[in-house]
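Listed below, chain by chain, are the residues.
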Amino acid sequence: GYSWINTHVSTPGELPKTWDDGSQMDFLNWRPGTPWAHVEKPCVFIRGGNAGDEWEGYWENGFCNSTKLPICERPALPGPIHPDGDVFPTIPPNEY
């Protein structure tokens, strides 16, 4: 599936430079050829895990009335995350 991310295309065909909260973007992952230059497609989404989707993980802009779940920002966890979801806390040297 696809998920909304916190930015939008203000000028059709031009890359946004900020997130909707006003902070500067320091990461971009647009699908080649996007954003589409259509005024009716201002909302930005990330492509999810569809089997065989060569554009998985890339961003595109689309219609805002499409049903998609949002991706929300949250504070970082204190250590690396294991693939099964467990968090391995960071242990300072000499404290184990």
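Computed from a prediction, not measured in an experiment: that's the story for all the values here.

Novice: Explanation requested: the pairing of strand S1 (residues 2–8) in the structure shown.
Specialist: It is a general feature of regular strands that their side chains alternate between the two faces of the sheet. As judged from the four bridges shared by S1 and strand S2 (residues 43–47), these two strands associate in the antiparallel manner. Within the sheet, the bridge partner assigned to Trp4 lies in S2 and is Phe45. By the bridge criterion, two bridges tie S1 to strand S4 (residues 69–70) in an arrangement that is parallel. Note on S4: the bridge partner recorded for Ser3 is Leu69.

Novice: Teacher, can you tell me more about the state of the cysteines here?
Specialist: In a disulfide, the sulfur atoms of two cysteines are held together by a covalent bond. If you walk through the whole model with that rule in mind, you get one disulfide. The disulfide partner of Cys43 is Cys64, and the gap between their sulfur atoms is 1.8 Å. Every disulfide takes its handedness from the sign of the S-S torsion; for Cys43 and Cys64 that torsion is 100°, giving right-handed. You can see Cys43 sitting in strand S2 and its partner Cys64 sitting in the loop between strand S3 (59–62) and S4, a full 21 residues away along the chain.

Novice: It is not clear to me how the environment of His8 should be interpreted in this structure. Could you clarify?
Specialist: Position of His8 relative to the elements: it lies in strand S1. Residue classification places His8 among the partly exposed positions, given a relative accessible area of 35%. Separated by 53 residues in sequence, His8 and Asn61 have C-alpha atoms that sit 7.6 Å apart. Beyond its immediate sequence surroundings of up to four residues, His8 is in contact with Pro16, Asp20, Pro42 and Val44. A distance of 3.3 Å separates the side chain of His8 from the side chain of Ser10, its partner in a polar contact. At 2.6 Å, the side chain of His8 and the side chain of Asp20 are in polar contact.

Novice: Which parts of the structure should I look at to understand the pairing of S2?
Specialist: Of all five residues making up S2, four are buried, and the element is well covered by its neighbours. Pairing of S2 with S3 involves four bridges; the strand directions are antiparallel. Pairing of Phe45 across the sheet is with Glu60, part of S3.

Novice: I keep staring at the nonpolar core and nothing clicks. Help me out?
Specialist: Most often, soluble globular proteins keep nonpolar side chains buried together rather than apart. The biggest cluster of nonpolar side chains holds six residues, and these are Ile5, Val9, Met25, Trp30, Val44 and Trp59. Setting aside residues no more than four positions away along its own chain, Trp59 makes contact with Ile5, Trp19, Met25, Phe27, Leu28, Asn29, Trp30, Arg31, Thr34, Val44, Phe45 and Ile46.

Novice: Would you take a moment to explain the environment of Gly49 for this structure?
Specialist: Relative to the helices and strands, Gly49 resides in the loop between S2 and S3. Distance from Gly49 to Tyr2, taken between C-alpha atoms, is 8.1 Å for residues 47 residues apart in sequence.

Quick notes on the rules
- Residues numbered from 1 in each chain as written.
- Predicted model: local features only at pLDDT ≥ 70, side-chain atom pairs only at ≥ 80, totals over all residues.
- Heavy atoms only, no water.
- Pairing = 2+ DSSP bridges.
- Helix = DSSP H or I, 4+ residues; strand = E, 2+ residues; numbered from the N terminus.
- Disulfide = S-S within 2.5 Å.
- Buried < 20%, exposed > 50% of the residue type's maximum accessible area, 1.4 Å probe, protein only.
- Contact = heavy atoms within 4.5 Å.
- Polar contact = N/O pair within 3.5 Å; in protein donor to acceptor, adjacent residues only side chain to side chain.
- Core = buried A, V, L, I, M, F, W, Y, C linked by side-chain atoms within 4.5 Å.

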